[in-house]
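One letter stands for each residue in the lines below.
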Amino acid sequence: MTEELFREDSYLRDCDATVVAVDGNSVTLDRTVFYPLGGGQPGDIGTLSWDSGSATIVDTRYGDDGSIAHHLEEGAALPSVGDAVNAALDWDRRYIHMRMHTAMHLLGSVLQYGVTGGNISAEKSRLDFDMEDTVDKEAVAAALTHLVAENHAVSCRWITEEELDAQPELVRTMSVQPPRGKGSIRLLEIESVDLQPCGGTHLKSTAEVGAVRIGKVEKKGKRNRRVNIHLDD
Ligand SMILES: [Zn+2]
């Protein structure tokens, strides 16, 4: 299994690692800072370099065995198993994903409805809400701006299912119920705003989200409102 360095520190931009497998264009390392596609967040891209070469990483995905596969561009030079490499993120893109992802948590705390879907990209991100009401875009935008300006601390912690069972009040305060059966659960907390299980990469404080604009609100069925957001720089 790949050591997932981004789970403990989402601000790591690169890491040294050792190649443990090469399968076609896909390279598995013993450790990585690359986030694999999941939870609506795209897989990271960047550069893999080693003594005798380098290659562009065009996607990152979980492999069938649960390890993390770095997909290299077609025709790229390949490292060999055992090679020492450096894996460096396209940090600008990842940082936008972190801002978007953290903004999604804020949006979910402003619109207190069930979330039925979501997607993050550098251009825009969206959440689908189980709601019939009309979305007041100006009010939602103002609430988001307020939460950003208040600069709430954002942190992650791991908790075992036993610890969770011993604190039922914690489950009651969560906006999304945690998945069971894996032993431990990663919780994302935005201080006094949001607490929920999440495996993604987030900022360390809401101020870093910056300026957020509400985009289109789409009616995707009687009980579904899709809210798009954009970052304004
Ligand atoms: Zn999250």
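Residues numbered from 1 in each chain as written. Predicted model: local features only at pLDDT ≥ 70, side-chain atom pairs only at ≥ 80, totals over all residues.

(A) Broad picture of the environment of Val33. Counting through the fold element by element, Val33 comes out in the loop between strand E4 (31-32) and strand E5 (46-50). Considering only alpha carbons, one finds Val33 and Thr47, 14 residues apart in sequence, at a separation of 12 Å. In contact with Val33, other than residues within four places in its own chain, are Leu5, Phe6, Leu12, Arg13, Asp14, Cys15, Ala87 and Leu89. (Helix = DSSP H or I, 4+ residues; strand = E, 2+ residues; numbered from the N terminus. Contact = placed C-beta atoms within 7 Å.)

(B) Examining the sheet that holds strand E10 (residues 125-130) more closely. Taken together, four strands build an open sheet; the order of strands is E9-E10-E15-E14 and the sheet is antiparallel. The sheet is open, and its two borders are formed by strand E9 (114-120) and strand E14 (211-219), each paired with just one other strand. With strand direction ignored, the average angle separating the axes of adjacent strands in the sheet is 20 degrees. The pairing of E9 with E10 spans six bridges and is classified as antiparallel. Bridging across to E10, Asn119 finds its partner in Arg126. (Pairing = 2+ DSSP bridges. Axes fitted to C-alpha atoms, helices over the stretch in contact; angles between N-to-C directions.)

(C) Seen up close, the domain arrangement of the chain. By domain assignment, the chain separates into domain 1 (13-89) and domain 2 (94-232). If you average the C-alpha positions of domain 1 and of domain 2, the two centres end up 28 Å apart. With eight residues of domain 1 at the interface, the matching set in domain 2 holds 11 residues. Across the side of domain 1 that touches domain 2, the residue classes tally to three nonpolar, four polar and one charged. (Domains from an automatic or database assignment. Nonpolar A, V, L, I, M, F, W, Y, C, P; charged D, E, K, R; others polar.)

(D) Layout of the packing of helix H2 (residues 91-110) against helix H3 (residues 137-149). Two elements in contact, H2 and H3, have axes whose closest approach is 10 Å; the angle formed by their N-to-C orientations is 125 degrees. The angle between H2 and H3 places the two elements in the oblique class. Note that H2 runs across H3; the crossing there is right-handed. Taking contact as the criterion, the partners of Ala103, Leu106, Leu107 and Val110 in H2 are, on H3, Val140, Ala143, Leu144 and Leu147. In the contact of H2 with H3, the residues fall into eight nonpolar, no polar and no charged. (Parallel < 35°, antiparallel > 145°, perpendicular 65-115°, else oblique. Left-handed = near helix turned anticlockwise from the far one by under 90°.)

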